[in-house]
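# Close look at the chain arrangement
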Amino acid sequence: HDAGPRIVVGVLGAFSAATAALAQERRAQRAYLDNRTKAERLRAAAFAYLAELPPFSGADRQAKLAQAVADVAQGKEPE
């Protein structure tokens, strides 16, 4: 019985598993970076709101903060 095909199948299986693990790790890293970006945008908006800096100055500052939070949640840069 020839062991060659079994070795090839084993090597391909190990390569496939390593590739899948790497792809999963990259997806997790991308999700982490996206969430960190959102957190930093929210943090910046919160400090600008507390300091009453533009665009969070004036009577409608709460509405502008709510819109900024909604923008960040959708992955957009707050206006």
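Here's what I pulled together on the structure shown here. As the structure is a computational prediction, the values presented were derived from the model and not from experiment. (Residues numbered from 1 in each chain as written. Predicted model: local features only at pLDDT ≥ 70, side-chain atom pairs only at ≥ 80, totals over all residues. Heavy atoms only, no water.)

## Some points on the pattern of salt bridges
- In total, this model carries 6 salt bridges according to the counting rule given.
- Its salt-bridge partner being Arg-30, residue Asp-34 comes within 3.4 Å of it at the nearest N-O pair. Here Asp-34 pairs with Arg-30, and both are found in helix 1 (residues 4-50), just 4 residues apart, close to one helical turn.
- On the accessibility criterion, Arg-30 (49% relative accessible area) is partly exposed.
- Among the salt bridges present, the one from Glu-40 reaches Arg-43, with a minimum N-O distance of 3.6 Å. Residue Glu-40 and its partner Arg-43 are located together in helix 1, separated by 3 residues, close to a single helical turn.
- By relative accessible area, Arg-43 is classed as partly exposed at 49%.
- In this structure, a network of salt bridges that share partners links the residues Arg-36, Glu-40 and Arg-43. (Salt bridge = Lys/Arg side-chain N within 4 Å of Asp/Glu carboxyl O. Helix = DSSP H or I, 4+ residues; strand = E, 2+ residues; numbered from the N terminus. Buried < 20%, exposed > 50% of the residue type's maximum accessible area, 1.4 Å probe, protein only.)

## Description of the environment of Ser-57
- Here Ser-57 lies in the loop between helix 1 and helix 2 (61-73).
- Given a relative accessible area of 33%, Ser-57 falls into the partly exposed group.
- Along the chain, Ser-57 and Gly-4 lie 53 residues apart, while their C-alpha atoms are 73 Å from each other.
- Apart from the residues lying within four places of it in its own chain, the contact partners of Ser-57 are Glu-52 and Lys-64. (Contact = heavy atoms within 4.5 Å.)

## Looking at the packing of aromatic side chains
- Counted under the stated rule, the structure contains 1 aromatic pair.
- Taken together, a centroid distance of 6.3 Å and an interplanar angle of 75° make the contact between Tyr-49 and Phe-56 edge-to-face. (Phe/Tyr/Trp six-rings, centres within 6.5 Å; stacked < 30°, edge-to-face > 60°.)

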